[in-house]
Amino acid sequence: MRALTSRRENSIAPITPPVEAGWEVKYNLIPMKEIVRSRIEQALGELYKIDPPEFKVEKPKDEELGDLATNVAFLLSKALRKNPNEIAKELSEKLSQEDMFEAVEAVRGFINLRLSRNFILSEFRRLLSEGEDYFKEDIGRGLKVQLEFVSANPTGPLHLGHGRGAVVGDALARLFEFYGFNITREYYINDAGRQVYILGVSVFYRYLELFGKEGERPGIKKLFEEEGYKGEYVIEIAKALKGAVGDLLLSRDGVPEAKERILSYGFDFPLSYTSAFKPVREPEVELCSAFGLDMMMEEIREDLGSMCVDFDVWFSERSLYERGLVDKLIEELRERGYVYEAEGALWLKTSQFGDDKDRVLRKSDGTYTYFASDIAYHWDKFKRGFDKVIDLWGADHHGYIPRVKASLKMLRIPEDWLEVYLIQMVKFFREGKEVKMSKRAGTFVPLREALNEVGPDAVRFLFLTKRSDTPLDFDVDKAKEKSSDNPVFYVQYAHARISGVFREVKERFNLDPEKEDLSPFLESLEEDIELKLMKKTLMIKDELIDITLRRDPHLITYFLIDLAGLFHHYYNHHRIIGSEKRIMKGRLALLKGIRTALRLSLKLIGVSAPERM
RNA sequence: GGGCCCGUAGCUCAGCUGGACAGAGCAGGGGAUUUCUAAUCCCCAGGUCGGAGGUUCGAGUCCUCCCGGGCCCGCCA
């Protein structure tokens, strides 16, 4: 996911180790890279008596070089008027006295650090005793963050692109929650405006069709043919409607009775729009709208639910109008001098704040634009006291960002309060051919179809195998394959294998690795790969924090595949059961730590961690 | 015409806010299993990072231009 503003602007809570805290305290409070950073900073202070620059601590490209490396010598070379390599050498010497490092080496200006066995073992023991809390940090400190995502129009079923937004948004929400943010997941329902009327027309037309009477309402027929929703689902709604009300809606007089019938019919989903229904101009069409909205929202909720995505708030656009918030907003903007009238419409001077041109708030026919209610919506979010709002929009809305940002500036809302990320389209492939999606023609591939065929775990995982602002190809046939082409199974299998070993051990040795404290036996592990596995597992802490601050949840799938791969390799080359007792126990401890990391990471992307497969 | 995004191995994509010889999976070829699940593992191959300049000690990464692909540019939602 790429930020629209710079990463620095976007960062919520940079991890700044408390200056006054001693090393022992930090040792227990911050991720690996930060622990190392603080050691380097201290060494710099002692050596050169200077304020350390903004340097990097990162994994070297080649693992052979070390566990971590820093570029600090390059950055200091100007200030100290010294050759980077010379600085690196001096610093290496200093750092090698630390017992957390096994080796510190200066190579062409880089400083490569290898963590000591003792340090890794002590960290891993901590992981075993703390479980997933080991990876946790209170970065958010309760900061109120709202994540608005999906927000698909309730005029049709969710398609794959919405599913992608749901998965990315939910994963972000889970990450933020894990790191101490107070998260609200919100879905904005566009239940106002013309599209809702068109939904009603479409449902009503299909309803008439069921009685063979569509020809009797030429106005409805024409509108349906020109603008109606042609998808199969509209027919389903019409059928359900007919089931509940019979032929009552064929005459306008039947509308009040029809409403009562729907409410008492025994639908097992909430009928909030139907309950609130009040006839205005075309009661039969409007009742169809209300019932259509109820049924669509139910379907949307179900689809999201089957991917384990749920929202704290389902926010109705209509409610903004009912509360008079749109009018109030326009009044507010007018007072600030940003609103003017031209050609019978009401305009907002967004061009003053970076938009290409001014935008219409109220059309000359007196109705409001979607834009108007959307600003009102964000204004309302601000007034609800969120410290930060993150929106995930479909990529086709990208041109919309400048005008929303401009209007927020007019309302004196801080620039970095709103972050917007774009979710790119998903192309659907079946048998190697693309299945085109078009809502109007009704040929789009609903999310439900993919979920039924492929299953929620694979769908979620696959949606996170690519950065979300680039288009994604979704190949159903591949997704269904239970092969290594499908990385979700590869990762889940690693988890299932560990669980399998634990079951076996319980049975054969009456030893329960879940309950028993096996951490003292880590000492008996002497293979390089075992140390490597520990390091990789521990470094997940750094990865997860990074991913959260960068809002790049797709990277989770990459380190999962990486960790699972190393584990599978290990598993194929080393016996756990059958090795010497103390080694077996050490290996069980190792597996337990790995499993904790796998479980947590899978949980954060909402994928299940099966005990067996 | 303007704006946004993308262009890395035959294919699908990573590349951690400029750093050390450019990575993974798939596809292709060859091997491993009487053992804790073979949905696994091991070995082999492949790229002038779309092109050209520039900034820098250092560029796949930043800047400019060009080429190619996608999306968006409504008093639609």
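Here the residue numbers are simple positions, counted from 1 along each chain's written sequence. Working convention: letters from A go to chains and numbers from 1 go to ligands, in the order in which they are written. pLDDT decides what is reported in this predicted model: residues at 70 or higher carry local features, side-chain atom pairs at 80 or more are listed and counted, and totals for whole chains, interfaces and linings draw on all residues regardless. Water and hydrogen atoms were dropped before computing side-chain values, which therefore reflect all heavy atoms in the structure.

Q: Lay out the sheet that holds strand 15 (residues 472-475) with the relevant residues and their values.
A: Pairing between two strands requires that DSSP report at least two bridges joining them. Runs of E in the DSSP output that reach at least two residues are strands. Runs of H or I that reach at least four are helices, and both are numbered from the N terminus. Here we have three strands laid out as an open sheet, ordered 14-13-15, and mixed in their pairing. The sheet terminates laterally at strand 14 (433-435) and strand 15, the two strands that pair on one side only. Between one strand and the next, the sheet's axes are offset by a mean angle of 40°, whatever the strand orientation. Of the strand pairs in this sheet, strand 13 (residues 426-430) and strand 15 are connected by four bridges, and their pairing is parallel. The residue bridging Phe429 from the neighbouring strand is Asp475, located in strand 15. Structural elements are reduced to axes, namely lines fitted to C-alpha atoms, with helices fitted over the stretch in contact, and the angle between N-to-C directions of any two is expressed from 0 to 180 degrees.

Q: Account for the nonpolar core, naming residues and giving values.
A: Counting residues in hydrophobic clusters, the biggest one holds 165 residues, and the most contacted among them are Ile40, Tyr187, Leu304 and Phe474. Apart from residues no more than four positions distant in its own chain, Phe474 is found in contact with Leu160, Val426, Lys427, Phe428, Phe429, Ala450, Val454, Val459, Leu462, Phe463 and Ala479. Side-chain atoms within 4.5 Å link the members of a nonpolar core, which is a set of buried Ala, Val, Leu, Ile, Met, Phe, Trp, Tyr and Cys residues. The buried label applies to any residue whose accessible area, calculated with a 1.4 Å probe on protein chains only, is under 20% of its type's maximum; exposed applies above 50%, and partly exposed to all values in between. Ranked by size, the runner-up nonpolar core spans 34 residues in total, among them Leu361, Tyr377, Val389 and Ala395. We call two residues contacting when some pair of their heavy atoms lies within 4.5 Å.

Q: Run through the protein's contact with RNA strand B, naming residues and quoting values.
A: Proximity criterion: a residue is near a molecule or strand once any of its heavy atoms comes within 4 Å of it. The full set close to RNA strand B counts 66 residues, and Phe110, Gln195, Tyr490, Tyr493 and Tyr558 are the nearest of them. A breakdown of the atoms of RNA strand B within 4 Å of the protein gives sugar and phosphate a share of 65%. Each polar contact in these results corresponds to two N or O atoms within 3.5 Å; when the atoms are within protein, one needs to be able to donate a hydrogen and the other to accept it, and residues that are neighboring in sequence are counted only if both atoms are side-chain atoms. A distance of 2.4 Å is found between a sugar or linking oxygen of RNA strand B and a side-chain nitrogen or oxygen belonging to Gln195. Side-chain polar atom of Arg497 to a phosphate oxygen of RNA strand B: 2.5 Å apart, as the coordinates give it. Among the elements that take part in the surface near RNA strand B, helix 21 (residues 487-509) stands out by supplying nine residues, more than any other. Throughout this entry, Asp, Glu, Lys and Arg are counted as charged residues, while Ala, Val, Leu, Ile, Met, Phe, Trp, Tyr, Cys and Pro are counted as nonpolar. The remaining residues, Gly among them, count as polar. When its residues are assigned to classes, the surface near RNA strand B shows 24 nonpolar, 18 polar and 24 charged.

Q: Residues and numbers for a nonpolar patch on the surface, please.
A: Each patch is built from residues that are more than 30% exposed by relative accessible area and take part in no salt bridge. Like charges join if they lie within 9 Å; nonpolar side chains (Val, Leu, Ile, Met, Phe, Trp, Tyr) join within 5 Å. Each accessible area is a Shrake-Rupley result for a 1.4 Å probe, and residues are judged covered by the shown protein chains and nothing else. For salt bridges, the criterion is a side-chain nitrogen of Lys or Arg within 4 Å of an Asp or Glu carboxyl oxygen. A cluster of nonpolar side chains, Phe74, Leu75 and Phe110, forms an exposed patch at the surface whose accessible area comes to about 260 Å². Looking at the element boundaries, Phe110 is found in strand 4 (residues 110-115).

Q: So what about the sheet that holds strand 7 (residues 313-316)? Which residues, and what values?
A: Taken in spatial order, the five strands of this open sheet run 7-6-5-11-12, and their pairing is parallel. Bordering the open sheet on either side are strand 7 and strand 12 (418-423), each of which pairs with just one other strand. When strand polarity is set aside, the average angle formed by the axes of neighbouring strands in this sheet is 25°. In the packing of helix 7 (residues 160-178) onto the sheet, contacts are made with strand 5 (144-148), strand 6 (182-189), strand 11 (388-394) and strand 12, and the angle to strand 6 comes to roughly 160°. Seen against the sheet, helix 13 (residues 283-306) touches strand 6 and strand 7 and runs at an angle of roughly 145° to strand 6.

Q: Account for helix 17 (residues 401-410), with residues named and values stated.
A: With eight of its ten residues buried, helix 17 lies for the most part within the structure. Regarding helix 17, the residues found buried are Ile401, Arg403, Val404, Lys405, Ala406, Ser407, Leu408 and Met410. As for helix 17, its buried residues are in contact with helix 15 (325-335), strand 9 (345-348), strand 10 (359-362), helix 16 (370-383), strand 11 and strand 12. Of the residues one or two after helix 17, Arg412 is the one with positive phi, at around 60°.

Q: Describe the pattern of salt bridges, naming the residues involved and giving the relevant values.
A: Enumeration according to the criterion identifies 47 salt bridges in this entry. Of the charged contacts in the structure, one is a salt bridge between Lys541 and Glu137, with a shortest N-O distance of 2.9 Å. Separated by 404 residues along the polypeptide, Lys541 in helix 22 (residues 528-550) and Glu137 in the loop between helix 6 (117-130) and strand 5 bring together distant segments of the chain. Assessed through its relative accessible area of 13%, Glu137 is described here as buried.

Q: An account of the side chain of Ser151 is needed here, citing residue identities and associated values.
A: Mapped onto the elements of the fold, Ser151 is located in the loop between strand 5 and helix 7. Side-chain polar atoms of Ser151 contact the backbone nitrogen of Tyr188, separated by 3.0 Å. Every residue in contact with Ser151, bar those within four places of it in the chain, is listed here: Glu186, Tyr187, Tyr188 and Asn190.

Q: With reference to specific residues and values, describe the packing of helix 4 (residues 72-80) against helix 5 (residues 84-95).
A: Orientation of helix 4 relative to helix 5, taken along the N-to-C sense of each, is 115°, at an axis distance of 8 Å. What the angle tells us is that helix 4 and helix 5 run roughly perpendicular. Where helix 4 crosses over helix 5, the two elements pack in a sense that is right-handed. Counted together, Val72, Ala73, Phe74, Leu76, Ser77 and Leu80 of helix 4 and Pro84, Ile87, Ala88 and Leu91 of helix 5 form the full contact between these two elements. For classification, angles of less than 35 degrees are called roughly parallel, those exceeding 145 degrees roughly antiparallel, those between 65 and 115 degrees roughly perpendicular, and all remaining angles oblique. In this scheme the crossing of two helices becomes right-handed for a clockwise turn of the near helix relative to the far one and left-handed for an anticlockwise turn of less than a right angle.

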